[in-house]
Amino acid sequence: MTDPAKVRRHAERVRELVASVVRTQIKDPRLGMITITDARITADLREATVFYTVLGDAAAQAGTAAALESAKGLLRSTVGKALGLRHSPSLTFVHDDVSEHAKHIDELLASARNADAEVQRLAAGAHYAGDSQPYKLEDDDEDELGADGADDEVVVGQDRR
């Protein structure tokens, strides 16, 4: 079993190495404005997933993905040499669409804010459906009893002889 701290350190190192090599050594014209956001590596240190974002439209994203795929061998050899592992981890590049997720979350928050404002607007003019005091108070109990505190029985329709 590999130490999780060691795996985290290797993943961070992979992210730094890939970012450095992309910035300095890869001269592919298809490579757009790329940012390496994260890297994750499996516990056996055999496979690494590198997450990246690209500034631009879909064509720039597709070009950058193709450039990274073509430079995968150079990146893998550089990472393998720098990490000093027995086996160089295979690299997989995944487009990280953080900005689209953030935009979607902002839209959800705006719609929730609008719904809350609508509920508050409706609640401002609302009033209770029943009495203002729906519960029986203790003062009402004394009214039902007579002045002497005894329960006066009223009989209707019977002859008292």
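Refer to the structure above for everything that follows.
No experiment lies behind these values; they were computed from the predicted model shown.

A. Layout of the overall build of the protein chain. A count of helices and strands for the protein chain gives five helices and three strands. The order of α-helices and β-strands along the protein chain, N terminus first, is α-β-β-α-α-β-α-α. Partitioning the intrachain contacts of the protein chain with sequence separation of at least 6 by distance along the chain shows that 60% fall at a separation of at least 24. In the structure as shown, the protein chain presents an accessible area of about 12100 Å², 52% of it carried by carbon and sulfur atoms.

B. Seen up close, the side chain of aspartate 28. Looking at the element boundaries, aspartate 28 is found in the loop between α1 (4-24) and β1 (33-41). Engagement of the side chain of aspartate 28 in a polar contact is seen with the side chain of arginine 30, the distance being 2.7 Å. Ignoring anything within four residues of it in the chain, the contact list for aspartate 28 reads Ala67 and Ser70.

C. Just the nonpolar core, in detail. Residues Val14, Val18, Val22, Leu68, Leu75 and Phe93 are the most contacted members of the largest nonpolar core, which totals 26 residues. Elements represented by at least two residues in this core include exactly α1, β1, β2 (47-55), α2 (58-70), α3 (72-83) and β3 (90-95). Sort the elements by how many residues they give to this core and α1 lands first, with seven residues. Not counting residues within four places of it along the chain, the set of residues in contact with leucine 75 comprises Val18, Val21, Val22, Ile26, Leu68, Leu91 and Phe93.

D. Quick look at unusual backbone geometry. Even without a glycine there, the phi angle at leucine 45 is positive, about 60°. Note on placement: leucine 45 falls in the loop between β1 and β2.

Here is what the cut-offs are and how they apply
- Residues numbered from 1 in each chain as written.
- Predicted model: local features only at pLDDT ≥ 70, side-chain atom pairs only at ≥ 80, totals over all residues.
- Heavy atoms only, no water.
- Helix = DSSP H or I, 4+ residues; strand = E, 2+ residues; numbered from the N terminus.
- Contact = heavy atoms within 4.5 Å.
- Areas by Shrake-Rupley, 256 points an atom, 1.4 Å probe, with all protein chains shown as cover.
- Polar contact = N/O pair within 3.5 Å; in protein donor to acceptor, adjacent residues only side chain to side chain.
- Core = buried A, V, L, I, M, F, W, Y, C linked by side-chain atoms within 4.5 Å.
- Buried < 20%, exposed > 50% of the residue type's maximum accessible area, 1.4 Å probe, protein only.

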